[in-house]
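One-letter residues, chain by chain:
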Amino acid sequence: MSVIAKDIQAHWRVVQPLFSIRDEVEYDKAIVTLNALIDEVGTDEQHPLYELLDTLGTVIHAYEEKNHPIPDCSGVEVLRLLMEEHQLEPADMLALGPPDIVLEILNGERDLTVTHIQALAETFQVSPAVFV
(Lines give C-alpha, C1' and ligand atoms only; values in the text may rest on other atoms or scores of the structure.)
Protein backbone atom coordinates (compact mmCIF):
# COMPACT_ATOMS: atom_id res chain seq x y z
CA MET A 1 0.00 0.00 0.00
CA SER A 2 1.33 3.43 -0.93
CA VAL A 3 2.09 6.14 1.61
CA ILE A 4 -0.78 8.23 0.20
CA ALA A 5 -3.23 5.34 0.56
CA LYS A 6 -2.11 4.78 4.16
CA ASP A 7 -2.59 8.48 4.95
CA ILE A 8 -6.04 8.53 3.40
CA GLN A 9 -7.05 5.27 5.06
CA ALA A 10 -6.15 6.60 8.52
CA HIS A 11 -8.30 9.72 8.01
CA TRP A 12 -11.04 7.88 6.14
CA ARG A 13 -11.91 5.80 9.23
CA VAL A 14 -12.71 9.03 11.06
CA VAL A 15 -14.76 10.80 8.38
CA GLN A 16 -16.36 7.86 6.53
CA PRO A 17 -19.38 7.67 8.87
CA LEU A 18 -20.21 11.25 7.87
CA PHE A 19 -20.70 10.32 4.22
CA SER A 20 -23.24 7.55 4.63
CA ILE A 21 -26.26 7.41 6.92
CA ARG A 22 -27.88 3.97 7.00
CA ASP A 23 -30.13 4.12 10.05
CA GLU A 24 -31.56 6.35 12.78
CA VAL A 25 -28.56 5.88 15.09
CA GLU A 26 -26.19 7.11 12.38
CA TYR A 27 -28.65 9.89 11.54
CA ASP A 28 -28.71 11.08 15.17
CA LYS A 29 -24.89 11.06 15.30
CA ALA A 30 -24.74 13.00 12.03
CA ILE A 31 -27.12 15.64 13.43
CA VAL A 32 -24.97 16.04 16.55
CA THR A 33 -21.87 16.40 14.37
CA LEU A 34 -23.61 18.88 12.07
CA ASN A 35 -24.68 21.01 15.04
CA ALA A 36 -21.11 20.99 16.38
CA LEU A 37 -19.81 22.02 12.96
CA ILE A 38 -22.37 24.82 12.76
CA ASP A 39 -21.26 26.04 16.18
CA GLU A 40 -17.62 25.95 15.06
CA VAL A 41 -17.91 27.15 11.45
CA GLY A 42 -21.05 29.27 11.43
CA THR A 43 -21.42 30.87 8.01
CA ASP A 44 -17.70 31.42 7.44
CA GLU A 45 -17.20 29.96 3.96
CA GLN A 46 -13.43 30.41 4.39
CA HIS A 47 -13.30 28.12 7.44
CA PRO A 48 -11.34 24.92 6.72
CA LEU A 49 -14.31 22.77 7.82
CA TYR A 50 -16.96 24.63 5.80
CA GLU A 51 -16.93 22.09 2.95
CA LEU A 52 -17.38 19.27 5.46
CA LEU A 53 -20.33 21.09 7.03
CA ASP A 54 -21.86 21.63 3.58
CA THR A 55 -21.32 18.01 2.53
CA LEU A 56 -22.70 16.61 5.77
CA GLY A 57 -25.74 18.84 5.41
CA THR A 58 -26.32 17.40 1.94
CA VAL A 59 -25.98 13.81 3.20
CA ILE A 60 -28.42 14.49 6.04
CA HIS A 61 -30.88 16.16 3.66
CA ALA A 62 -30.78 13.13 1.34
CA TYR A 63 -31.45 10.77 4.27
CA GLU A 64 -34.34 12.94 5.49
CA GLU A 65 -35.90 13.14 2.03
CA LYS A 66 -35.89 9.35 1.82
CA ASN A 67 -36.75 8.44 5.42
CA HIS A 68 -38.57 11.47 6.85
CA PRO A 69 -40.51 12.98 3.98
CA ILE A 70 -42.63 15.99 4.79
CA PRO A 71 -46.18 15.28 3.69
CA ASP A 72 -47.92 17.74 1.42
CA CYS A 73 -50.55 19.58 3.39
CA SER A 74 -52.46 22.81 3.19
CA GLY A 75 -51.92 25.88 5.32
CA VAL A 76 -55.13 25.11 7.19
CA GLU A 77 -53.91 21.58 7.95
CA VAL A 78 -50.67 23.06 9.31
CA LEU A 79 -52.73 25.50 11.38
CA ARG A 80 -54.81 22.65 12.81
CA LEU A 81 -51.67 20.70 13.69
CA LEU A 82 -50.04 23.68 15.38
CA MET A 83 -53.20 24.49 17.30
CA GLU A 84 -53.42 20.89 18.48
CA GLU A 85 -49.73 20.81 19.38
CA HIS A 86 -50.06 24.02 21.41
CA GLN A 87 -53.48 23.02 22.81
CA LEU A 88 -55.18 26.08 21.36
CA GLU A 89 -58.85 26.58 20.68
CA PRO A 90 -60.40 28.92 18.09
CA ALA A 91 -60.97 31.48 20.87
CA ASP A 92 -57.19 31.53 21.46
CA MET A 93 -56.46 32.54 17.88
CA LEU A 94 -57.19 36.26 18.20
CA ALA A 95 -54.73 37.08 15.41
CA LEU A 96 -57.18 35.49 12.97
CA GLY A 97 -60.25 37.21 14.35
CA PRO A 98 -63.17 36.10 16.48
CA PRO A 99 -63.74 32.36 17.06
CA ASP A 100 -66.46 32.13 14.38
CA ILE A 101 -64.00 33.42 11.74
CA VAL A 102 -61.36 30.95 12.95
CA LEU A 103 -63.88 28.11 12.67
CA GLU A 104 -64.74 29.19 9.13
CA ILE A 105 -61.03 29.07 8.25
CA LEU A 106 -60.59 25.66 9.89
CA ASN A 107 -63.68 24.31 8.09
CA GLY A 108 -62.47 25.55 4.71
CA GLU A 109 -65.24 28.13 4.38
CA ARG A 110 -62.80 31.04 4.42
CA ASP A 111 -59.24 31.34 3.07
CA LEU A 112 -56.24 32.48 5.05
CA THR A 113 -55.30 36.02 4.06
CA VAL A 114 -51.79 37.44 3.82
CA THR A 115 -52.43 39.23 7.12
CA HIS A 116 -53.51 35.93 8.73
CA ILE A 117 -50.43 34.15 7.40
CA GLN A 118 -48.08 36.84 8.69
CA ALA A 119 -49.74 36.75 12.12
CA LEU A 120 -49.61 32.95 12.26
CA ALA A 121 -45.94 32.87 11.25
CA GLU A 122 -45.13 35.30 14.03
CA THR A 123 -47.31 33.50 16.58
CA PHE A 124 -45.82 30.07 15.92
CA GLN A 125 -42.31 31.29 14.99
CA VAL A 126 -42.34 29.50 11.62
CA SER A 127 -41.87 30.57 8.04
CA PRO A 128 -44.99 32.08 6.45
CA ALA A 129 -44.43 29.56 3.62
CA VAL A 130 -45.84 26.73 5.77
CA PHE A 131 -49.28 28.33 5.55
CA VAL A 132 -49.28 28.87 1.79
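Everything quoted here is computed from the prediction, not taken from an experiment. (Residues numbered from 1 in each chain as written. Predicted model: local features only at pLDDT ≥ 70, side-chain atom pairs only at ≥ 80, totals over all residues. Heavy atoms only, no water.)

1. Quick notes on the packing of aromatic side chains
Part 1 of the argument: Under the definition given, this model contains two aromatic pairs.
Part 2 of the argument: Centroid distance Trp-12 to Phe-19: 5.7 Å. Interplanar angle 10 degrees. Geometry classified as stacked.
Part 3 of the argument: Residue Phe-19 is classed as partly exposed on the basis of its relative accessible area, which comes to 37%. (Phe/Tyr/Trp six-rings, centres within 6.5 Å; stacked < 30°, edge-to-face > 60°. Buried < 20%, exposed > 50% of the residue type's maximum accessible area, 1.4 Å probe, protein only.)

2. A short note on helix 4 (residues 75-85)
Part 1 of the argument: For helix 4, the full list of buried residues reads Gly-75, Val-76, Val-78, Leu-79, Leu-82 and Met-83. End-on, the buried residues of helix 4 take up no more than an arc of 155 degrees, which puts them together on one face. For helix 4, the exposed residues lying more than 90 degrees away from the buried face are Leu-81, Glu-84 and Glu-85.
Part 2 of the argument: Each element contacted by the buried residues of helix 4 is listed here: helix 5 (99-106) and helix 6 (114-124). (Helix = DSSP H or I, 4+ residues; strand = E, 2+ residues; numbered from the N terminus. Arc of directions from axis to C-beta. Contact = heavy atoms within 4.5 Å.)

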